[in-house]
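Chain by chain, the residues:
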Amino acid sequence: MARPYRPGPKQFVFAVGDGNDQQVSVGDPQEAYVAFSAFFRDRDSDTYTINDEPAGQSLVLMPRQGVISRIKDADRSRSEYLQVDRGNRYLPSAMLFFENGYAGLDRFGQWFPDLADLDASPETRGAARAATFTTEAAAIEEVARIWGDSGIVDPSDQYYVFFVSHGVDDDRAERAELLTLIEFLGIERVDAPAEAAGGEVWVRTDTRLDVACARWA
């Protein structure tokens, strides 16, 4: 469960591994985001780390590898890794971390426990991610998360459209996950209109999705 943000001051440490760490004290997540955005854009590095030392949590951005890592220290360190398909995902991930820490990124994408997991093909990663959702409720929530990131309701109100205006080479892992989940849920996929982008997925509206998707609209 995401931890509620407690008003500041709150301290973070920004680092790129050159020894010139930047410590900031901020009053709210937006202030932290503005400070980190400037830090991120003013440097050219393989890695950018945000440390929340009091909470024992970190976020590591690795744009040259196309990877984000989140770390939580409890009885033992827990790390998870996310493949990033679009360059505009890095700073939004930082904002979620400032708002709710490690847990704030739960629904940001497909997290895996080992960096080597990201070497698999997008389709393999998507199928593996889908397999972790073993109940209808959890699968519905995951489908709604995917829709909330890039979806719309068709103007006819008959279809949910996923990956709007995306090409077939975009979001391959999430598309593979989605197709597995809608099959698991028995949601009917339909042919996209001829004018739709090649990567779009269209499904008939389903009462089970209505409530979940409303939370992501």
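For the structure, check the block above.
Residues numbered from 1 in each chain as written. Predicted model: local features only at pLDDT ≥ 70, side-chain atom pairs only at ≥ 80, totals over all residues. Heavy atoms only, no water.

A. How the structure looks around the sheet that holds strand E7 (residues 111–112). The antiparallel open sheet is built from seven strands, whose spatial order is E2-E1-E3-E4-E5-E6-E7. The sheet is open, and its two edges are formed by strand E2 (22–26) and E7, each paired on a single side. Where helix H2 (residues 90–100) meets the sheet, its contacts fall on strand E1 (10–15), strand E3 (48–52), strand E4 (57–62) and strand E5 (67–73), and the angle it forms with E4 comes to roughly 175°. (Pairing = 2+ DSSP bridges. Helix = DSSP H or I, 4+ residues; strand = E, 2+ residues; numbered from the N terminus. Contact = heavy atoms within 4.5 Å. Axes fitted to C-alpha atoms, helices over the stretch in contact; angles between N-to-C directions.)

B. Inspection of the nonpolar core at higher detail. Within the largest apolar cluster, 24 residues are counted, with the highest numbers of intra-cluster contacts made by Phe12, Phe36, Ile50 and Ile68. Broken down by secondary-structure element, the contributors of at least two residues to this core are E1, E2, helix H1 (29–41), E3, E4 and H2. Considering every element that reaches this core, the biggest residue donor is H2, with five residues. (Core = buried A, V, L, I, M, F, W, Y, C linked by side-chain atoms within 4.5 Å. Buried < 20%, exposed > 50% of the residue type's maximum accessible area, 1.4 Å probe, protein only.)

C. Summary view of the packing of aromatic side chains. In this structure the tally under the stated criterion is eleven aromatic pairs. Pairwise contacts between aromatic rings join Phe12, Phe14, Phe36, Phe39, Phe40, Tyr48, Tyr90 and Phe98 into one cluster. In this structure, Arg89 packs its charged tip against the face of Phe108, placed 4.1 Å from the ring centre. (Phe/Tyr/Trp six-rings, centres within 6.5 Å; stacked < 30°, edge-to-face > 60°. Lys NZ or Arg CZ within 6 Å of the ring centre and 35° of its normal.)

D. Summary view of the environment of Val34. Mapping Val34 onto the fold places it in helix H1. Relative accessible area serves as the criterion here: at 49%, Val34 is assigned to the partly exposed category. As for Val34 and Leu91, which are separated by 57 residues in sequence, their C-alpha atoms are 9.8 Å apart.

E. Spotlight on unusual backbone geometry. Of note in the backbone geometry, Phe163 takes a positive phi value of approximately 60° without being a glycine. Looking at where Phe163 falls in the secondary structure, it is placed in the loop between strand E9 (159–162) and helix H5 (172–185). Even without being a glycine, Asp171 presents a positive backbone phi close to 55°. Among the structural elements, Asp171 can be located in the loop between E9 and H5. Note on Asp171: relative accessible area 5%, which makes it buried.

F. Quick peek at H2. Restricting attention to buried positions, one finds in H2 the residues Tyr90, Leu91, Ser93, Ala94, Met95, Phe97 and Phe98. Packed against the buried residues of H2 are E1, H1, E3, E4 and E5. Directly after H2, the chain includes Gly101, whose backbone phi takes a positive value near 65°.

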